[in-house]
Amino acid sequence: MGSKTKIVVLHMKEIIYTAIFAVLAIILILLLVFMFRPGAKKDAGNTEKFTPGVYTSTVSLNNTALEVEVTVDESHINSIRFANLDETVTTMFPLIQPTMEEIAQQICEKQSLNDVQYSEQTPYTSQVIINAIDDALKKAAVK
């Protein structure tokens, strides 16, 4: 019988590298399974719950108090508008109403205050409006 004996020489360094890569591959596979399994994501758009109603927050512009009115139901922001906007304020601040409409549209579509885009012409006005909306939404949030 002509059996030929083969001798395999393994270096310890090769065994360690192979073991490390095998462990990393297993961790990567487990990570991918947990991240992309069905049902892993819940409603990522809006996890907040609200008490249905109309909530207001006050913005002060040149000693004039404007009320930002936010209407919500249990899980959605339905509308955002100024409650007491008069002609004097729109004359003094002509960009306030278009800015409010633009921001309100984005927030109602996204159902979030995150990543709201606003014009370079009205960064401060936009930030004041967003802060007022945020205050009203904090009042509406279920505690």
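The text that follows walks through the structure, step by step, so that each part is easy to find.

## Remarks on the nonpolar core
- Core analysis: the biggest nonpolar cluster contains 25 residues, and Val68, Val70, Val72, Ile77, Ile80 and Ile133 have the highest contact counts within it.
- If you list the elements that add at least two residues to this core, you get β1 (53-61), β2 (64-72), β3 (77-82), α3 (96-110) and α4 (123-140).
- With 7 residues, α4 is the largest single contributor of residues to this core.

## Structural notes on unusual backbone geometry
- At glutamine 111, a position not held by glycine, the phi torsion is positive, near 60°.
- Structurally, glutamine 111 can be placed in the loop between α3 and α4.
- Of note, the phi angle at aspartate 115 is positive, near 60°, even though the residue is not glycine.
- Tracing the backbone shows aspartate 115 in the loop between α3 and α4.
- By relative accessible area, aspartate 115 is classed as exposed at 60%.

## Comments concerning the sheet that holds β3
- An order of β1-β2-β3 is seen for the 3 strands of this open sheet, with the pairing classed as antiparallel. The sheet is open, and its two edges are formed by β1 and β3, each paired on a single side. Here the average twist between neighbouring strands, direction ignored, is 20°.
- The sheet contact formed by β2 and β3 spans 5 bridges and is antiparallel.

Cut-off values and rules
- Residues numbered from 1 in each chain as written.
- Predicted model: local features only at pLDDT ≥ 70, side-chain atom pairs only at ≥ 80, totals over all residues.
- Heavy atoms only, no water.
- Core = buried A, V, L, I, M, F, W, Y, C linked by side-chain atoms within 4.5 Å.
- Buried < 20%, exposed > 50% of the residue type's maximum accessible area, 1.4 Å probe, protein only.
- Helix = DSSP H or I, 4+ residues; strand = E, 2+ residues; numbered from the N terminus.
- Pairing = 2+ DSSP bridges.
- Axes fitted to C-alpha atoms, helices over the stretch in contact; angles between N-to-C directions.

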